[in-house]
Amino acid sequence: MKHQAAGTVIYAAAWCKHQPAGTVVLDLVSNHTPELKHLFVQESARGAGVGTTLCAWTETYAALAGFDKLYLSVGTDNDGARRLYERLGFIPTGRSTTTTYQYVDDDGQKQWATETDDVFERSLVD
Ligand SMILES: CC(C)(COP(=O)(O)OP(=O)(O)OC[C@H]1O[C@@H](n2cnc3c(N)ncnc32)[C@H](O)[C@@H]1OP(=O)(O)O)[C@@H](O)C(=O)NCCC(=O)NCCS
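Report follows, based on the coordinates. None of the values given here were measured: they were computed from a predicted structure.

Some details on the site of the ligand
Point 1. Residues in contact with the ligand amount to 19 residues; listed here are only the nearest, Val41, Gly47, Gly49, Thr52 and Asn78.
Point 2. Residue Gly49 places a main-chain N or O atom 2.7 Å away from an oxygen atom belonging to the ligand.
Point 3. Here an oxygen atom of the ligand and a side-chain polar atom of Thr52 are 2.5 Å apart.
Point 4. Contact with the protein chains hides 70% of the accessible area of the ligand, taken as 860 Å² for the molecule alone.

So this is what it looks like as structure tokens:
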């Protein structure tokens, strides 16, 4: 909330026919600054370019903010998202991170999960 108010973490949403179709976060104070985070498109809206559009918005905003690279982390088993990012020109940096986090499952139970992500980068200059 503090970073959002300061404009250093920006939350963007894409809308299709007055419905929210997808969201993304641009983090300008992460460990991999600037970082594209939490890209998510509603299942019913997938495959229609919403994810691509949200990535493009993030790239434009980061470039206007003066950055020459954009980073993101993607799960080692998230083949669909990896394909999307590679198509958009992101390349693996060779770095990876492992995170353990808690989430609430479909039955409302708290669960722990561990995820390994590869860090990708894309140049924002020609
Ligand atoms: C990955 C994701 C954001 C793609 O959004 P999208 O709006 O479908 O993306 P676009 O329409 O712009 O591009 C489609 C590309 O996304 C990928 N993709 C991943 N899952 C897909 C799905 N269920 N349906 C269609 N495309 C999918 C494909 O690589 C496809 O590229 P291709 O047409 O060259 O095969 C979306 O599937 C999603 O929200 N997935 C769950 C959350 C997630 O994994 N986010 C990434 C975290 S790093």
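We are not done yet, so read on.
Section: the layout of surface pockets
Point 1. Space inside the largest pocket adds up to approximately 1000 Å³.
Point 2. In terms of lining, the largest pocket is formed by 33 residues, of which the most central are His38, Leu39, Ser73, Asn78 and Tyr85.
Point 3. For the lining of the largest pocket, the secondary-structure elements that each account for two or more residues are strand S3 (35–41), helix H2 (50–64), strand S4 (69–75), helix H3 (79–87), strand S5 (91–104) and strand S6 (110–123).
Point 4. At seven residues, S3 tops the list of elements feeding residues into the lining of the largest pocket.
Point 5. In terms of residue class, the lining of the largest pocket is built from twelve nonpolar, 14 polar and seven charged.

Concerning the side chain of Ser30
Point 1. With respect to the element layout, Ser30 can be found in the loop between strand S2 (19–27) and S3.
Point 2. From its side chain, Ser30 meets the backbone nitrogen of His32 in a polar contact 2.9 Å long.
Point 3. Residues within four places of Ser30 in sequence aside, it is in contact with Glu35 and Lys37.

Quick notes on the rules
Residues numbered from 1 in each chain as written. Predicted model: local features only at pLDDT ≥ 70, side-chain atom pairs only at ≥ 80, totals over all residues. Heavy atoms only, no water. Near = heavy atom within 4 Å. Polar contact = N/O pair within 3.5 Å; in protein donor to acceptor, adjacent residues only side chain to side chain. Areas by Shrake-Rupley, 256 points an atom, 1.4 Å probe, with all protein chains shown as cover. 1 Å grid on protein atoms, 1.4 Å probe; cavity = no way out; pocket = protein on both sides within 12 Å on 5 of 7 lines; lining within 4 Å. Points joined across faces, edges and corners; volume = space filled by probe spheres on them. Helix = DSSP H or I, 4+ residues; strand = E, 2+ residues; numbered from the N terminus. Nonpolar A, V, L, I, M, F, W, Y, C, P; charged D, E, K, R; others polar. Contact = heavy atoms within 4.5 Å.

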